[in-house]
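# Survey of secondary and tertiary structure
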Amino acid sequence: MQKQYILISMVVMRRKIKVLISISICIIVLLAGIGIGSVPISPADIFIILWSKLFGRAIPPKISDITVSLVWKLRLPRVLLAFIVGGALSASGTVMQSVLKNPLASSYTLGVSSGAALGAGIVIIFGITISILGRLTLPIIGLTSGLLTVFLAVTFASKIDKNMENNTIILAGMVFSLFINSILTIVSSMAKGHLERIVFWQMGSFASKDWISVIILACIAGVGIPCVIRFSRELDIMTFGEEQAQAIGVELKKVKWYLLALSAALTGSAVAFSGIIGFVDLITPHVARKLFGSTHRYVVPLSALFGGTFMVAADLVARTVISPSELPVGAVTALIGAPFFGYIYFKRRKKG
Amino acid sequence: MLSVKGLFCGYNGVDVIKDASLDITAGENISIIGPNGSGKTTFLRAIAGLIPYKGSIRLDDKEIAQMKRKEIASKIAFMSQISSIYFSYTVFETVMLGRYLRMKGGVFSEPSKKDKEFVLQCLNAVGLTELKDRQITSLSGGQLQRVFIARTFAQEPEIILLDEPTNHLDLKHQIELVEYLKEWSHKDRRVVVGVFHDINLAMQFSNKILLFNNGQIAAYGDYRTFFDGDFLKTIYSIDIKNYMLNSLRRWENYG
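Residues numbered from 1 in each chain as written. Chains lettered and ligands numbered in written order. Predicted model: local features only at pLDDT ≥ 70, side-chain atom pairs only at ≥ 80, totals over all residues.

## Regarding the overall build of chain A
Across its full length, chain A carries 14 helices and zero strands. Reading the helices (α) and strands (β) of chain A from amino to carboxyl end gives α-α-α-α-α-α-α-α-α-α-α-α-α-α. Dimensions of chain A, computed from C-alpha atoms along their principal axes, come out at roughly 65 × 65 × 40 Å. Counting over 352 residues, chain A shows a buried share of 46%. For chain A, contacts bridging at least 24 residues in sequence account for 76% of all contacts bridging at least 6. (Helix = DSSP H or I, 4+ residues; strand = E, 2+ residues; numbered from the N terminus. Buried ≥ 20, exposed ≤ 12 C-beta atoms within 10 Å, placed from the backbone. Contact = placed C-beta atoms within 7 Å.)

See below:
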């Protein structure tokens, strides 16, 4: 018995060390994201600027005003936005994979991205601005239409299949997103003048984002991710199949709706503010599972951490490689992500 | 404790079970046997409240269809046949999931000492204590089966429903499991209902046998009162008694 408890505590210790390492890497990447660029800024200066800004202190004169506004107005919101978007996408990807019991599922499977793209496309083409929303018209309509698509797809699935089986949901999602994609293609082919903006919006970018977007998204992710984590036990149980989950006492249909809605909202709002960025939501959950096992109370927060870190790194690459122009970050994620994922996943598989 | 009356149920509006009625009292074990597609699994699913039904299934005088999931799951555990596993957990974690309704405390609090000990006890019962830190994806089919059986024990139910629990198990583990299940139900007057394909094992597990044929109860009760070569022949369309006797004769040639 004694030996068993020692073994358990060793596992806990190793896990703690891994978490600490992950957090340190994250902080280093965040600092790199703020520090690297046309004007390099040292970590020490970044700390001083953040400290003074947050606590309303005067900034020491050795740091120029340009540096301060570079950090505070441009790079910090950009890095934070990338971090939150990456985190929200990854947390939501984890949930989708477990709820739908499918390692290839993500919110995109259910049509969030195509719905959002159609909404955004219509806003761009017709130049719609809703006066109360102002500049937020595009993201908010993107979010609403993304969520609406998921809602329609899942409702449709639950109508044709009372038990809401996973395969029905996935198929309904695919049908809806393909259908909506084709509408978008038709709409954009008829509005060639706006084609470039639509395409660029879809590629995803964190450029020229302000604090308002950061704050809105931080609130959504700050509420959404903990709400998901509260359902970790249910998520664990649901990966064993729907019948078993019910037999163990999970109110399956209710929990499923709730989690699908939450993760669609997380992805939807991330997409609305940054465009369609793929890949993170699909792979970070697998990386987190490889390192920490499948238990969701670790996998959900840690995939969020990994996804955020990874997104900041991808954005850093996207904006520095061919500076002063930028690469689309959506392409960069897969460009660095795919080989990295292949390395981690298959190397570990061989050993384990 | 469980009373089924005029039960009809099935999938997509087609009834698989047609007009089944029976009573199960506390402390008894029941083996369900019958040819493929005769409704054994469907019957278990209906009792576990997993599929809609017509007629009535009452658990301690409460209609299953009107009970909440949690209420059912605190009394009835159900182990379906193994499906593929996508995400791996340790053996210990998997069995701990059976404590879902019993665990108190938030998501991040460690399971209580009582829960941990209970899980270890369940693992011990199926002989998996040694493997408790292994990943379930690295287990053999038989070991995995025993993990899931331990999880139904961890649920602390009054009734355990097992769909082919001895599937994937070697002979030694089949017999051990059957003996353990008998002991488990006998100890606290609980009920185990198991679907078996092996008629010998069914007879070893319980005297009471429920025989399904074409979605109807062909016989229910002490098998010694109705087992008879001709009767089983009409249901299984092979001469089971002769088959068994032939096997026996083959064994008699060995020392």
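On we go from here.
## With respect to the overall build of chain B
Scanning chain B from terminus to terminus reveals 10 helices and 10 strands. In terms of overall size, chain B behaves like a compact globule, its C-alpha atoms giving a radius of gyration of 19 Å where 255 residues would be expected to give roughly 18 Å. With the C-alpha coordinates aligned to their principal axes, the bounding extent of chain B is approximately 60 × 55 × 35 Å. Across the 255 residues of chain B, 40% fall into the buried class. Sequence-distant contacts, at least 24 apart, represent 66% of the contacts inside chain B between residues at least 6 apart. (Rg over C-alpha atoms; globule rule 2.2 N^0.38 Å.)

## Examining helix H3 (residues 65-99) of chain A
All names here are of chain A. Its 35 residues give H3 an end-to-end C-alpha distance of 49 Å, which sits within 8% of 51 Å, the value for a rise of 1.5 Å per residue. At arginine 75, H3 is deflected by roughly 40 degrees, the largest bend along its length, and proline proline 77 occurs up to four residues later in sequence. Counting buried positions along H3 gives 26 out of 35 residues, so the element sits mostly inside the fold. A positive phi of about 50 degrees marks lysine 101, the residue just after H3. (Expected span 1.5 Å × (residues − 1). Bend = angle between axes of the 7 residues up to and from the residue.)

## Here we look at the confidence of the model for chain A
When pLDDT is averaged along chain A, the result is 87; 94% of the residues meet or exceed 70. Model confidence for chain A, summarised as mean pLDDT per element, is weakest for helix H14 (residues 329-351) of chain A at 75 and strongest for helix H13 (residues 296-320) of chain A at 94. (pLDDT = per-residue confidence, 0-100.)

## Description of the sheet that holds strand E5 (residues 62-63) of chain B
Residue and element names in this part refer to chain B. An order of E2-E1-E4-E5 is seen for the four strands of this open sheet, with the pairing classed as antiparallel. Of all the strands in the sheet, just strand E2 (14-24) and E5 have a single pairing partner and so form its edges. Of the strand pairs in this sheet, strand E1 (residues 2-11) and strand E4 (residues 53-59) are connected by six bridges, and their pairing is antiparallel. Across the sheet, residue phenylalanine 8 finds its bridge partner in E4, namely lysine 54. (Pairing = 2+ DSSP bridges.)

## Quick word on the interface of chain B and chain A
Each side of the interface is counted separately: chain B has 24 residues, and chain A has 25 residues. Those elements that place two or more of their residues in the side of chain B that touches chain A are helix H2 (69-73) and strand E6 (76-79) of chain B. For the side of chain B that touches chain A, the element with the most residues is H2(B), which contributes three residues. Partitioned by chemical class, the residues of the side of chain B that touches chain A number 13 nonpolar, seven polar and four charged. (Nonpolar A, V, L, I, M, F, W, Y, C, P; charged D, E, K, R; others polar.)

## As for the packing of H3(A) against helix H8 (residues 211-229) of chain A
If you want to describe how two helices pack, look at the angle between their axes and the distance between the axes. All names here are of chain A. In contact at an axis separation of 9 Å, H3 and H8 are set at 25 degrees when each is read in the N-to-C sense. By the angle between their axes, H3 is roughly parallel relative to H8. Judged by the sense of rotation from one axis to the other, the crossing of H3 with H8 is left-handed. Where H3 approaches H8, its residues Pro77, Leu80, Leu81, Ile84, Val85, Gly87, Ala88, Ala91 and Val95 are matched on the opposing element by Trp211, Ser213, Val214, Leu217, Ala218, Ala221, Gly224, Ile225 and Val228. The residue makeup of the contact of H3 with H8, split by class, is 15 nonpolar, three polar and no charged. (Axes fitted to C-alpha atoms, helices over the stretch in contact; angles between N-to-C directions. Parallel < 35°, antiparallel > 145°, perpendicular 65-115°, else oblique. Left-handed = near helix turned anticlockwise from the far one by under 90°.)

## Considerations on helix H2 (residues 43-55) of chain A
Between its first and last C-alpha, H2(A) extends 18 Å over 13 residues, near the 18 Å set by a 1.5 Å rise per residue. Downstream of H2(A) by a residue or two, Gly56(A) has a phi angle that is positive, lying close to 65 degrees.

## A few points about the pairing of E1(B)
Residue and element names in this part refer to chain B. Pairing of E1 with E2 involves eight bridges; the strand directions are antiparallel. Residue valine 4 lies in a different strand from E2, and its bridge partner there is leucine 22. From the end of E1 to the start of E2, which pair antiparallel, there are two residues, and asparagine 12 there has a positive phi angle of about 50 degrees.

## A closer look at the nonpolar core
Val85(A), Val228(A), Val95(B), Ala150(B) and Leu161(B) are the most contacted members of the largest nonpolar core, which has 162 residues in total. Among the elements that take part in this core, H3(A) stands out by supplying 15 residues, more than any other. Those residues in contact with Leu161(B) that lie beyond four places of it in its chain are Leu44(B), Ile47(B), Ala48(B), Ile76(B), Ala77(B), Phe78(B) and Val193(B). (Core = buried A, V, L, I, M, F, W, Y, C linked by C-beta atoms within 7 Å.)

## Focus: the sheet that holds strand E7 (residues 159-163) of chain B
Residue and element names in this part refer to chain B. In spatial order, the strands read E6-E7-E8-E3-E9-E10; together these six strands make up an open sheet with mixed pairing. At either margin of the open sheet sits one strand with a lone partner, and together these are E6 and strand E10 (216-222). Adjacent strand axes in the sheet meet at a mean angle of 15 degrees when their direction is disregarded. Examined bridge by bridge, E7 and strand E8 (residues 191-195) share five bridges and lie parallel to one another. Each bridged residue has a counterpart across the sheet, and for aspartate 163 the counterpart in E8 is valine 195.

## Topic: the environment of Gln244(A)
Residue and element names in this part refer to chain A. Within the secondary structure, glutamine 244 is located in helix H10 (residues 242-248). Among the residues examined, glutamine 244 registers 24 C-beta atoms within 10 Å and is labelled buried. Taking the C-alpha atoms as reference, glutamine 244 lies 19 Å from isoleucine 169; in sequence the two are 75 residues apart.

## Overview of the packing of helix H4 (residues 112-126) of chain A against helix H5 (residues 137-160) of chain A
Residue and element names in this part refer to chain A. Interaxial distance between H4 and H5 falls to 7 Å at its minimum, and their mutual angle equals 140 degrees. When the axis of H4 is compared with that of H5, the two are oblique. In this structure, H4 meets H5 at a crossing whose hand is right-handed. Taken together, the residues of H5 that come into contact with H4 (itself represented by Val112, Ser113, Ser114, Gly115, Ala116, Leu118, Gly119, Ala120 and Val123) are Thr137, Leu138, Ile141, Gly142, Leu143, Thr144, Ser145, Gly146, Leu148, Thr149 and Val150. Looking at side-chain class alone, the contact of H4 with H5 contains 10 nonpolar, 10 polar and no charged residues.

## Considerations on the environment of Leu2(B)
Residues and elements named next belong to chain B. By the secondary structure assignment, leucine 2 is in strand E1. Residues leucine 2 and threonine 42, spaced 40 residues apart in sequence, show a C-alpha to C-alpha distance of 17 Å. Those residues within four positions of leucine 2 in sequence are excluded, and the remaining contacts are Ile24, Ile47, Leu59 and Ile159.

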